[in-house]
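Next come the chains, spelled out residue by residue.
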Amino acid sequence: MDHRGGKATRTASKAATATSKISAQGVKGLREEPSESPSAPGATRPNSRKCGAVGAAGSLQRRSIPGSPERPQVRARGARAKKALLDAEDAVEGQLVSAAKLEPPAAGPPLSRVSSRRRGSARAAGEQRPPPEPTEVPRPGPLVSASGAAPGGWNPRAVLDKLRLRRQEISLAAETVNKVVDHLLRGLKSCDSEFKDVGLLRTGSYYEHVKISAPNEFDIMFKLEVSRIQLEEYRNSGAYYFVKFKRNPKGNPLSPFLEGEILSASKMLLKFRKIIKKEIENIEDVVVQRKKRGSPAVTLLIRKPKEISVDITLALELNTSWPASTKNGLPVKDWLGTKVRSSLRQQPFYLVPKHAKEGNGFQETWRLSFSHIEKDILKSHGQSKTCCEINGMKCCRKDCLKLMKYLLEQLKIKFENRKELDKFSSYHVKTAFFHVCTQESQDSHWHTRDLELCFDNCVAYFLQCLKIEHLEHYFIPGFNLFSRDQIDKISKEFLSKEIEYERNNGFPVFHKL
């Protein structure tokens, strides 16, 4: 009897069994057992798991991660026994890289700094400026649905069901907020002030239909149209501007807020806040909260019938061409189409009173705002015009955004006594989500049955942005939301580790509802 032949047979049998187990584990989304949170002393972290897709034949289809060598795939049963065993053992050790990280553009050059705004620190918004160099964004292939429950045993649909707002609760909250806002609008229009021509613009997650948990926060813009102005860009930031007025024979209604030639955001906001406080005195169970440092909003607290926070932001409306810094922004051509992009760019843009960071202090400036465009994008988010309509195909885009928002929200609650997450907001999550939508432009890539896979792609993209410290503003490509002057490296590393922990353990933070 040939012992070598018997040994080879046993080896082949083991290899086939190992290969079969690996394939089965890949379908179920193999995870490590939950370990302690990385923030706890002496905590251990399981091996990082990448999202994966299952092919029609049940074999794992993997995408290569940028900058890392491709691992050989596990061979089928017909391969040489020794090679199959080695591949199977290698796959177990490596946990099988089962999907690519979506890599955002490389960070652009740092913003130039100057000592004074009076000496070359500003650039006219209409000037031709060298646009940011376009960067190639790796586009992952089509998503393939995974069968069974989500990796790690968590059920995204169950989480979304618990986050769904009740219609009666929504109706009551909206009615309460509308009464307060209408009262303020009438008061501003009736008083003899610089704000008598304000209009209303409803923005934010409630009006974008991506609000989670409870309808207890609303964002309202009081817009004021201004004309004959000149924008001067602050330190080539692309996002922050000084506002000057051109000569106007009819006079300038905002002249009381000028400091020399510059429109003072703080002076204007101070007067606006004073009028709001006076009007609120006539409304029962509503108070103006203390001003938050750096916030452009006047925050109201409605105490009855339930506590509701309302952020009211004053915004300047400009019906002119968008600033040059936005030329290569809004990359929706392959997603929503060239015509839609052109139509969106024909809408007005807005400036809100927001200070730019300058060393250890702040510079009084106005910041570009495109919240109304973001609302339009989320309203008509599909490549097909009928996406998510009654008779159209349903996608999971908004569900992914809700889960991303909820993930950050729960982590901020979990670590509310720490400062590392203070500077992160839902806007960072939404910006990353828009970039994933740009890369995965086809509606078929967002089928509802692929929710867990699509969500994992969003998480992977956000993690990569944290890792390379670069999250490109969706409308202003030259503005990095994750630059170190915006958010320090330690905070980004902390959030990255916590998200990795949640991802590797089936998102235990979602179960704390």
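Before any of the text, the structure's been laid out above.
Residues numbered from 1 in each chain as written. Predicted model: local features only at pLDDT ≥ 70, side-chain atom pairs only at ≥ 80, totals over all residues. Heavy atoms only, no water.

**Student:** What should I look at first to understand empty space enclosed by the protein in this one?
**Tutor:** The rolling of a water-molecule-sized probe over the atoms marks out the regions of remaining empty space. Taken as a whole and judged by the stated rule, the model has two cavities of 30 Å³ or more. Approximately 40 Å³ is the volume found for the second largest cavity. Every residue lining the second largest cavity is listed: Met404, Leu407, Leu408, Val429, Phe462, Leu495 and Ile499. Of all the secondary structure elements, the ones that give two or more residues to the lining of the second largest cavity are helix 9 (397–414) and helix 12 (489–504). (1 Å grid on protein atoms, 1.4 Å probe; cavity = no way out; pocket = protein on both sides within 12 Å on 5 of 7 lines; lining within 4 Å. Points joined across faces, edges and corners; volume = space filled by probe spheres on them. Helix = DSSP H or I, 4+ residues; strand = E, 2+ residues; numbered from the N terminus.)

**Student:** When you look at the pairing of strand 6 (residues 229–234) in this model, what are you seeing that I'm missing?
**Tutor:** The side chains of a regular strand alternate, first on one face of the sheet and then on the other. Most of strand 6 sits inside the fold, with five of its six residues counted as buried. Examined bridge by bridge, strand 6 and strand 7 (residues 240–245) share five bridges and lie antiparallel to one another. Each residue of the ladder has a partner; that of isoleucine 229, found in strand 7, is phenylalanine 245. In this antiparallel pair of consecutive strands, strand 6 and strand 7, the connection spans five residues, and arginine 235 shows a positive phi of 50°. (Buried < 20%, exposed > 50% of the residue type's maximum accessible area, 1.4 Å probe, protein only. Pairing = 2+ DSSP bridges.)

**Student:** Hey, could you run me through the packing of aromatic side chains in this one?
**Tutor:** The geometry of two aromatic rings is summed up by the distance between their centres and the angle between their planes. A full pass over the atoms with the stated rule returns 21 aromatic pairs. Centroid distance phenylalanine 415 to phenylalanine 494: 5.1 Å. Interplanar angle 80°. Geometry classified as edge-to-face. Here phenylalanine 415 is found in the loop between helix 9 and helix 10 (426–439), whereas its partner phenylalanine 494 is found in helix 12, with 79 residues between them in sequence. The exposure class assigned to phenylalanine 415 is buried, which follows from its relative accessible area of 8%. Summarising the aromatic geometry, the rings of phenylalanine 433 and tryptophan 446 are spaced 6.2 Å apart at their centres and angled 70° between planes, so their arrangement reads as edge-to-face. Of this pair, phenylalanine 433 sits in helix 10 while tryptophan 446 sits in the loop between helix 10 and helix 11 (451–468), and the two are 13 residues apart along the sequence. For phenylalanine 433, a relative accessible area of 2% gives the class buried. (Phe/Tyr/Trp six-rings, centres within 6.5 Å; stacked < 30°, edge-to-face > 60°.)

**Student:** Looking at this model, I keep getting lost on the packing of helix 9 against helix 11. Mind explaining?
**Tutor:** In a packed pair of helices, the relevant descriptors are the angle between the two axes and the axis-to-axis distance. Close contact between helix 9 and helix 11 brings their axes to 9 Å; oriented N to C, the two are set at 50°. Classed by the angle they form, the pair helix 9 and helix 11 counts as oblique. The two elements helix 9 and helix 11 meet at a crossing, and its hand is right-handed. Of the residues in helix 11, those in contact with Asp399, Cys400, Leu403 and Met404 of helix 9 are Leu451, Cys454, Phe455, Cys458, Val459 and Phe462. Counted by class, the contact of helix 9 with helix 11 contains nine nonpolar, no polar and one charged residues. (Axes fitted to C-alpha atoms, helices over the stretch in contact; angles between N-to-C directions. Parallel < 35°, antiparallel > 145°, perpendicular 65-115°, else oblique. Left-handed = near helix turned anticlockwise from the far one by under 90°. Contact = heavy atoms within 4.5 Å. Nonpolar A, V, L, I, M, F, W, Y, C, P; charged D, E, K, R; others polar.)

**Student:** It is not clear to me how the packing of helix 8 (residues 371–379) against helix 10 should be interpreted in this structure. Could you clarify?
**Tutor:** It is at 13 Å that the axes of helix 8 and helix 10 come closest, and there the two elements cross at 50°. With respect to their mutual orientation, helix 8 and helix 10 come out oblique. The handedness of the crossing between helix 8 and helix 10 is left-handed. Within the contact between the two elements, helix 8 uses Glu374, Ile377 and Leu378 and helix 10 uses Tyr427, Lys430, Phe433 and Phe434. Considered class by class, the residues forming the contact of helix 8 with helix 10 number five nonpolar, no polar and two charged.

**Student:** Sorry, what's going on with the pairing of strand 11 (residues 297–302) here?
**Tutor:** Strand 11 sits mainly inside the fold: six of its six residues count as buried. Side chains Ala297, Thr299 and Leu301 project from strand 11 onto one buried face, and the interleaved Val298, Leu300 and Ile302 project onto a second face that is buried too. Bridge count for strand 10 (residues 286–288) against strand 11 is three bridges, and the pairing is antiparallel. When the sheet's bridge partners are listed, valine 288 is paired in strand 11 with leucine 300. Sheet analysis places strand 11 next to strand 12 (residues 308–318), joined by six bridges and oriented antiparallel. Among the inter-strand pairings, leucine 300 is bridged to a residue of strand 12, identified as valine 310. Counting the residues that bridge the hairpin from strand 11 to strand 12 gives five residues.

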